[in-house]
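Letter by letter, the chains look like this.
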Amino acid sequence: MFSVSISIFVYILSLNIYVDPLNKIQMENYDITATVSGFVESREEYDLVPLKTDLKCPDGKTRSINFDIKTCLKIPLEPLDIVKCKVSFTPLSDDEKNYKYSDHIFVNGILNSDISVVGKAKKNFSYYSEVCRHKMISVLNEKLNKKISSVLSGICFGETSCIPREIKNNFRICSLSHLTSVSGLHTSLIGVFIMYLL
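Values in this document were obtained by computation on a predicted structure and should not be read as measured data.

Reading the values: rules and limits
Residues numbered from 1 in each chain as written. Predicted model: local features only at pLDDT ≥ 70, side-chain atom pairs only at ≥ 80, totals over all residues. Heavy atoms only, no water. Helix = DSSP H or I, 4+ residues; strand = E, 2+ residues; numbered from the N terminus. Buried < 20%, exposed > 50% of the residue type's maximum accessible area, 1.4 Å probe, protein only. Areas by Shrake-Rupley, 256 points an atom, 1.4 Å probe, with all protein chains shown as cover. Expected span 1.5 Å × (residues − 1).

**Considering the overall build of the protein**
Stage number 1. Within the protein, the regular secondary structure consists of six helices and seven strands.
Stage number 2. Along the protein, helices (α) and strands (β) appear in the sequence α-β-β-β-β-β-α-β-β-α-α-α-α when read from the amino end.
Stage number 3. Buried positions account for 32% of the 198 residues belonging to the protein.
Stage number 4. Accessible surface, the protein: about 12,600 Å² in total, of which carbon and sulfur atoms supply 61%.

So this is what it looks like as structure tokens:
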């Protein structure tokens, strides 16, 4: 019981450390250099670009911040591209907090200039795992209809951004949203897949 209480306390404390200072940086215009932290998701109305940057917050501390930008890209972007742009930040809505916190995203980014690519970060293990994950999700999207592939992507790979809102709400109502959060289930699925290859 004591260890559970400590775990909950540490979790709440970690949320406060990240969330409170970031909520104070609303709508400031920052010139940033950021790294594209994943694959760009092309949607009907816009492209969703995941970025990561180090930013000096109003409390004087420098924090690594993950955020998404909705924009219509003029140039193709790939993971690990280093980009320069002007960005403003806004806090997440209550609805967005439900699914973006799990991706360690605590603010929204608003693009105030064109994005220019200035370099490429060094490839590491997380890059290759993201490429593999993206290819497997692409195969699911090609072979199955949109709703089924989005739910399977959430269960198998923890990719919940494409799951339609009504399905997410149904998962919450039925207390099944834990199926789409990264857990031992995902680790065991990967383990079984690797064992199958060997």
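**Quick word on helix α4 (residues 146–157)**
Stage number 1. An ideal rise of 1.5 Å per residue puts 16 Å on twelve residues; α4 measures up with 16 Å between its terminal C-alpha atoms.
Stage number 2. Looking at α4, one finds that the buried residues are S149, S150, V151, S153 and G154.
Stage number 3. Immediately downstream of α4, the backbone of G158 shows phi near 75 degrees, a positive value.

**Some words on helix α3 (residues 125–143)**
Note that an α-helix has 3.6 residues per turn; residues three or four places apart therefore point the same way.
Stage number 1. Compared with the 27 Å implied by 1.5 Å per residue over 19 residues, the 27 Å span of α3 between its first and last C-alpha is a close match.
Stage number 2. Among the residues of α3, those classed as buried are Y127, V131, I137 and L140.

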